[in-house]
Amino acid sequence: MKKIDLFGFALLAATLAGCAAETAETGVSDAAGEEEVMASESALTSATAGHQTGLVGRWRINGTSICSAVFLPDDLDAGGSSTWVLTTQACVTDTDPTVYSVVTTAGTPVNVEKIYWHPVAEWNLGYVGNYGKVDIVLARLASTVSLNAPEVYFAQNSASDVFQESARMNGTWAFSYDTGESEENATYFTRIDVDIPSEAGDAGGPIWRSAHSPGELILEGIHASAGSATHAFAFGPWIVDAFSCGMFDTSEPDPDFCKLGCTCGVGEGDCDSDDECKPGLVCGNNNGALVGLPDDYDVCVESSGRQSSSTSGYCGSIGGCQIYEGDCDSQTDCKGDLICRPNVGYAIGESDTTDVCDLPRMPGTRVFNNDKTTGSDHCTVDEPCGLGDGDCDPNNHATCRGFLKCKANVGSHFGFSNNNVDVCVHPDFY
């Protein structure tokens with residue numbers, strides 16, 4: 001994903017009318033590392049709550065509502081359509097996008113076609129600045145929702161006057177509360193209130209700044225789960241970049257993805273020249289297999305060969321590592337949008353505890369195996385595993401992402417309970 005340092009932009013939002021009762025919702029909770037929530041001070045009336053913007057949708061799995069979501073527009077121009085919704089990762093309990101749908105305030109269900117996780121949405125992959133876990137998911141819809149509403153901006157800082165909209169379990173589009181204040185410290189910014197946190201349906205709902213100019217809305221954050229929220233500052237640039245230049249997605253190869261004005265980072269392609277890569281990178285030659293693109297695709301990489309060390313903080317000391325290099329301490333030690341994967345160093349020939357720069361999760365790839373699940377069906381050709389993950393099939397390297405290979409009986413090096421687990425490793429160390 002290519003970064004754009006831009007926050008003062010307009011997102012065209014939706015005005016959808018009506019209200020629809022749904023099936024009973026179930027609770028979702030995952031508050032670790034996210035923003036804390038202050039107690040309520042004053043409630044908005046149920047007549048305006050949920051219909052204040054008309055942007056709230058019910059996020060459903062297999063037809064059952066479990067969370068809220070907020071509609072985002074397709075582009076930044078005047079007009080009215082959306083094929084995107086934003087919710088929290090806590091509401092995405094299945095990797096198959098086809099089990100999800102979103103219901104508009106008019107009661108119209110729209111199927112989800114593809115899911116994109118924020119690069120550091122996983123609990124152990126670090127943070128963006130001091131804003132805690134970025135528990136955010138963008139979902140692309142299978143069909144278009146009509147929009148017609150004010151401009152929407154991502155907040156750059158905390159505000160004292162915010163309210164939340166959610167699709168509640170009782171079938172109403174109610175429950176917006178105004179905190180009336182905010183607090184700041186070195187870790188958390190805007191403190192956003194939710195009431196009755198044990199009730200389902202709040203997670204994924206938008207939090208808006210109440211004090212805004214006529215004809216615009218300011219998205220303050222997304223309610224993540226009971227007692228927590230993710231501030232818009234942490235995910236705003238990622239969404240701006242996605243809408244401006246597109247989503248890098250190895251499951252949808254795009255020969256024109258890298259271009260002037262939308263240059264590619266490490267591991268991204270297809271590029272046609274060095275000018276289509278970020279400064280300091282070069283356009284490789286037929287190296288698409290590195291990340292799971294077609295073999296004849298060209299991917300942006302550093303001009304120098306791979307360099308790596310088990311020395312703690314090595315990546316930071318050299319100005320950042322590229323893909324399959326370590327040791328990194330956080331995402332900021334990796335080039336571009338690469339993430340710092342903990343304790344997978346054996347897969348690149350370093351010590352077991354070395355942290356390695358890797359591609360973030362991509363649609364069609366298996367969730368990182370943080371729970372160390374074993375079984376021959378965990379890594380598959382349809383959902384291959386990433387670096388240091390298993391259990392893959394050593395007789396079929398396609399169960400590993402890109403050019404990685406499945407090495408037999410090395411599970412103990414990666415935190416698995418026994419050594420009989422097969423794990424995806426760099427081919428140089430197969």
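Cut-offs applied
Residues numbered from 1 in each chain as written. Predicted model: local features only at pLDDT ≥ 70, side-chain atom pairs only at ≥ 80, totals over all residues. Heavy atoms only, no water. Helix = DSSP H or I, 4+ residues; strand = E, 2+ residues; numbered from the N terminus. Buried < 20%, exposed > 50% of the residue type's maximum accessible area, 1.4 Å probe, protein only. Areas by Shrake-Rupley, 256 points an atom, 1.4 Å probe, with all protein chains shown as cover. Disulfide = S-S within 2.5 Å. Core = buried A, V, L, I, M, F, W, Y, C linked by side-chain atoms within 4.5 Å. Contact = heavy atoms within 4.5 Å. Pairing = 2+ DSSP bridges. Axes fitted to C-alpha atoms, helices over the stretch in contact; angles between N-to-C directions. Expected span 1.5 Å × (residues − 1). Salt bridge = Lys/Arg side-chain N within 4 Å of Asp/Glu carboxyl O. pLDDT = per-residue confidence, 0-100. Polar contact = N/O pair within 3.5 Å; in protein donor to acceptor, adjacent residues only side chain to side chain.

Some words on the overall build of the chain
Looking only at helices and strands, one finds 2 helices and 21 strands in the chain. The buried share among the 430 residues of the chain stands at 56%. Per element, the accessible surface of the chain, about 15,900 Å² overall, is 47% carbon and sulfur.

Quick notes on the state of the cysteines
In the structure shown here, the tally under the stated rule is 11 disulfides. Between Cys328 and Cys340 runs a disulfide, and the two sulfur atoms are separated by 2.1 Å. Its S-S torsion of approximately 95 degrees makes the covalent link between Cys328 and Cys340 right-handed. Separated by 12 residues along the polypeptide, Cys328 in the loop between helix 2 (314-317) and strand 18 (339-341) and Cys340 in strand 18 bring together distant segments of the chain. One exposure class covers both Cys328 and Cys340, and it is buried. Note on cysteine connectivity: Cys334 is disulfide-linked to Cys357, with sulfurs 2.1 Å apart. Between Cys334 and Cys357, the disulfide has an S-S torsion of -85 degrees and is therefore left-handed. Of this pair, Cys334 sits in the loop between helix 2 and strand 18 while Cys357 sits in strand 19 (residues 356-358), placing them 23 residues apart in sequence. You can call Cys334 buried: its relative accessible area is 7%.

Considering the nonpolar core
General note: in soluble globular proteins, nonpolar side chains tend to be found buried as a group. Grouped together as the largest cluster of nonpolar side chains are 46 residues, with contacts concentrated most on Ile323, Leu387 and Phe414. Contributions of two or more residues to this core are made by strand 16 (281-283), strand 17 (300-302), helix 2, strand 19 and strand 21 (423-425). For this core, the element with the most residues is strand 21, which contributes 3 residues. In terms of nonpolar packing, the next biggest core, distinct from the first, is built from 28 residues, Leu55, Val120, Leu219 and Phe235 among them.

Focus: the environment of Val92
Inspection of the secondary structure assignment puts Val92 in the loop between strand 6 (81-87) and strand 7 (100-103). For Val92, a relative accessible area of 13% corresponds to the buried category. In sequence terms Val92 and Ile66 are 26 residues apart; their C-alpha atoms lie 9.6 Å from each other. In contact with Val92, not counting residues within four places along its chain, are Trp59, Tyr100, Ile115, Trp117 and Val137.

Here's the deal with the sheet that holds strand 9 (residues 137-146)
Taking strand neighbours around the barrel as the criterion, the 6 strands line up as 4-5-6-9-8-7 in a closed arrangement whose pairing is antiparallel. Strand-to-strand, the axes of this sheet are offset by a mean angle of 40 degrees, without reference to chain direction. Bridge count for strand 7 against strand 8 (residues 109-117) is 3 bridges, and the pairing is antiparallel. Bridging from a neighbouring strand, Val102 pairs with Val110 of strand 8. Of the strands in this sheet, strand 5 (64-72), strand 6, strand 8 and strand 9 touch helix 1 (residues 232-245), which is tilted by about 50 degrees from strand 9.

A few points about the side chain of His378
Here His378 lies in the loop between strand 19 and strand 20 (405-407). Sequence-distant contacts of His378, defined by excluding residues within four places in its chain, comprise Arg366, Val367, Asn369, Thr373, Glu383, Cys385, Gly390 and Asp391.

Some details on the pairing of strand 4 (residues 56-61)
With 6 of its 6 residues buried, strand 4 lies for the most part within the structure. Going residue by residue along strand 4, you find Val56, Arg58 and Arg60 tucked away on one face and Gly57, Trp59 and Ile61 tucked away on the opposite face as well. Pairing of strand 4 with strand 5 involves 6 bridges; the strand directions are antiparallel. Opposite Gly57, over in strand 5, you have Ala69 as the bridge partner. Two successive antiparallel strands, strand 4 and strand 5, enclose a turn made up of 2 residues, where Asn62 displays a positive phi of approximately 50 degrees. Relative to strand 7, strand 4 is paired through 4 bridges, and the arrangement is antiparallel. Looking at the pairing, Arg60 lines up with Ser101 of strand 7.

Some remarks on helix 1
Between the first and last C-alpha of helix 1 there are 19 Å, a value that for 14 residues agrees with the 20 Å anticipated at 1.5 Å per step. Most of helix 1 sits out of view: 12 of its 14 residues are buried. Taken together, the buried positions of helix 1 are Ala232, Ala234, Phe235, Gly236, Pro237, Trp238, Ile239, Val240, Asp241, Ala242, Phe243 and Cys245. Gly246 sits one or two positions beyond helix 1 and adopts a positive phi of about 95 degrees.

Describing the pattern of salt bridges
Per the counting criterion, the structure on display carries 9 salt bridges. Residue Asp358 pairs with Arg401 through a salt bridge whose shortest N-O separation is 3.1 Å. Of the two residues, Asp358 sits in strand 19 while Arg401 sits in the loop between strand 19 and strand 20, which places them 43 residues apart along the sequence. Each of Glu113, Lys114, Arg140, Asp249 and Glu252 takes part in a single network of salt bridges with overlapping partners.

Focus on the confidence of the model for the chain
Residues at a pLDDT of 70 or more form 72% of the chain, whose mean pLDDT is 76. Across residues 170-200, where pLDDT falls below 50, the model places 126 contacts with residues more than four positions away in sequence or in other chains.

Quick notes on the side chain of Asp327
Mapped onto the elements of the fold, Asp327 is located in the loop between helix 2 and strand 18. Polar side-chain contacts of Asp327 include one of 3.2 Å to the backbone nitrogen of Gly313. Reaching out from Asp327, the side chain makes a polar contact with the backbone nitrogen of Asp355 at a distance of 2.7 Å. Discounting chain neighbours no more than four positions away, the residues touching Asp327 are Ser309, Ser310, Thr311, Ser312, Gly313, Tyr314, Cys315, Thr353, Thr354 and Asp355.

Structural notes on the pairing of strand 8
Turn length for the strand 7-strand 8 hairpin, with the two strands adjacent in sequence and antiparallel, is 5 residues, and the turn residue Gly107 shows positive phi of about 90 degrees. Note that strand 8 and strand 9 share 5 bridges and pair antiparallel. In the strand pairing of strand 9, Tyr116 is matched with Leu138.

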